[in-house]
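An overview of the molecular structure
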Amino acid sequence: MLFKNINILSCNGEIQKDMYLAVTNSIISYMGKTAPTETYDRVFDGTDMLLMPGFINTHCHVPMTLLRSLGGNLSLSDWLTTAVFPTEAKLTEEFVYYGAMLGIAEMIKCGITSFNDMYYFSQKICTSLLESGINGNIAMDGFAFDDRLKNKYSIPASVLYDFHKEFNNKNNGQIKTDMCIHAEYTSDPKKVEKLAEIAKNTGSNIQLHLSETQSETDGCIKRYGKTPAQFFCDYGVFDNPTTAAHCVYLSDDDLILLKEKNVSVSHCPISNLKLGSGIADIVRIQQSGINVTLGTDGSASNDNLNFLEDLKTSILLQKGIHKDASLLTSRDIVRIATKNGAIAQGRNNTGEIAVGKKADLFIVNFNSPNLQPVTDMLNGVVYASLPENIVLTMANGKVLYEKGEFKTIDIESILANVKEIKKLLYSN
Ligand SMILES: [Zn+2]
């Protein structure tokens, strides 16, 4: 496929105008001011459009679309124990598949080409990835749960090993399997230590929630005399590549620790605001040399997977809390939402537009009332764009979504199934 007359966000953060970009198989094979000599199956005219690297959502629980808006106005602790955990106990493999397909459709529509996920029945989430074509680092939750936890049952290590064996690097790395620890406050320390060992044995990344609320952080200090970051570090978790979601309450020592251990942070501003958890100071975290990335979190605390909202919210929050409009630019936040996410996922072949990189990308059409006139295209994307401006999303060189149409997902069938599931989940 050849894109012509198109503007491209290149890897140095500059926009190159009126370019040609070709995709051969799953790779960006050509970029230049002049037309390539080869012929292509399809030519796409990108006049008034911007081609960008696909967004990377580094924190999600994709089947939680089925719990969308559940327990609104509750704090994290009440939301989890009275709304989320009891509903999750009713989920089946089939429900998880449809919830994941629904969430993936929403993500593709918003320019996301790869995501991190921690949930249950993760085999079914992998099936959704293979059918839809999106990339993902999929972690199966449940191993490290404290047995005393109500409505939660832990899974044995053999399930994790089998999952890793079946799905890791599936379809040329479209799927990577990660390991998961829900959080310090739901975990048995012995199992946390064991999970760190399993991650080491399988060469896996770890995904977890870290210092999301003040009470979580205070509770951990009370229980163990250390912060959640120190807790995980002491059990060997950070000896594996780790992405820690939230990180709203990090001490100065935690920052030094996360930097030293190369932990990536997944900033989830909308989820943190909705649950009244607080605001993570990502400028401070970045200035400590830590890789900051962006996440939506699940649809029960966001409540959508529209990544454009997360970009805009995060940049506005930092300007607001620091009373400084210059601290974080559109280029900075787009890098956080793309390249930094790829680094966290351990995917060095994506996250930017360059020859030889994987064709994971999306296209914004500026010929729209909310995006005219254009003075700075990137500012337009971050501050003014809407999902309807995204006219094409491609992952691994394959068009997944174009002009309102899903190419790999039968969205009518998914929506019909989700309506039936809703009746089963929420009738008594
Ligand atoms: Zn989460």
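Refer to the structure printed above.
Residues numbered from 1 in each chain as written. Predicted model: local features only at pLDDT ≥ 70, side-chain atom pairs only at ≥ 80, totals over all residues. Heavy atoms only, no water.

Some words on the packing of helix H2 (residues 93-109) against helix H16 (residues 411-426)
H16 packs onto H2 with a crossing angle of 130° between their chain directions and a minimal axis gap of 9 Å. As far as their axial angle goes, H16 and H2 are oblique. The way H2 lies across H16 gives a crossing that is left-handed. For the pair H2 and H16, contact is made by Phe95, Tyr98, Met101, Leu102 and Ala105 and by Ile411, Ile414, Leu415, Asn417, Val418, Ile421, Leu424 and Leu425, respectively. Residues that form the contact of H2 with H16 fall into these classes: 12 nonpolar, 1 polar and no charged. (Axes fitted to C-alpha atoms, helices over the stretch in contact; angles between N-to-C directions. Helix = DSSP H or I, 4+ residues; strand = E, 2+ residues; numbered from the N terminus. Parallel < 35°, antiparallel > 145°, perpendicular 65-115°, else oblique. Left-handed = near helix turned anticlockwise from the far one by under 90°. Contact = heavy atoms within 4.5 Å. Nonpolar A, V, L, I, M, F, W, Y, C, P; charged D, E, K, R; others polar.)

Here we look at the coordination of the zinc ion
The protein atoms that coordinate the zinc ion are His59 (NE2), His61 (NE2), His209 (NE2) and Asp297 (OD), at distances spanning 2.1 to 2.4 Å. One can describe the site at the zinc ion as irregular: its 4 donor atoms subtend angles covering 84 to 174° at the metal. Linear spacing of the donor residues for the zinc ion on their chain is H-x1-H-x147-H-x87-D. Here His209 lies in strand E10 (residues 206-210) and His59 lies in the loop between strand E6 (55-57) and helix H1 (76-88), a separation of 150 residues in the sequence. The class for His59 is buried, based on a relative accessible area of 2%. For His209, a relative accessible area of 5% puts it in the buried group. (Donors = N, O, S within 2.8 Å, 3.2 Å for Na, K, Ca; no water. Tetrahedral: all angles 85-135°; square planar, octahedral: opposite > 155°, others 65-115°. Buried < 20%, exposed > 50% of the residue type's maximum accessible area, 1.4 Å probe, protein only.)

Brief notes about the side chain of Thr87
Along the polypeptide, Thr87 turns up in helix H1. Overall, Thr87 belongs to the buried group, its relative accessible area being 8%. Beyond its immediate stretch of four places on either side in the chain, Thr87 contacts Leu67, Leu70, Leu425 and Tyr426.

A short note on empty space enclosed by the protein
On inspection of all chains with the given rule, the structure shows 1 cavity of 30 Å³ or more. The computed volume of the largest cavity comes to approximately 160 Å³. Lining the largest cavity are 21 residues, and of these His61, Met64, Leu80, His182 and His209 sit closest to its centre. The element contributing the most residues to the lining of the largest cavity is H1, with 6 residues. By residue class, the composition of the lining of the largest cavity is 11 nonpolar, 6 polar and 4 charged. (1 Å grid on protein atoms, 1.4 Å probe; cavity = no way out; pocket = protein on both sides within 12 Å on 5 of 7 lines; lining within 4 Å. Points joined across faces, edges and corners; volume = space filled by probe spheres on them.)

What to know about the pairing of strand E15 (residues 390-395)
In summary, the side chains of a regular strand alternate between the two faces of the sheet. A large share of E15 lies buried, amounting to 6 of its 6 residues. When E15 meets strand E16 (residues 398-402), the two strands line up antiparallel, connected through 4 bridges. Within the sheet, the bridge partner assigned to Thr393 lies in E16 and is Tyr401. Remark: 2 residues form the turn of the hairpin made by E15 and E16, two consecutive strands paired antiparallel; Asn396 in that turn has positive phi of roughly 50°. (Pairing = 2+ DSSP bridges.)

Things to note about the pattern of salt bridges
In this structure the tally under the stated criterion is 17 salt bridges. Here Lys152 ties to Glu88 by a salt bridge, and the two come within 2.9 Å at their closest N and O atoms. In this pair, Lys152 is assigned in the loop between strand E8 (135-140) and helix H4 (157-167) and Glu88 in helix H1, connecting sequence segments 64 residues apart. The partner of Arg148 in a salt bridge is Asp146, and the shortest N-O contact between them spans 2.7 Å. The exposed category is assigned to Arg148, whose relative accessible area is 74%. It is possible to trace a salt-bridge network through shared partners that takes in Lys339, Glu352 and Lys357. (Salt bridge = Lys/Arg side-chain N within 4 Å of Asp/Glu carboxyl O.)

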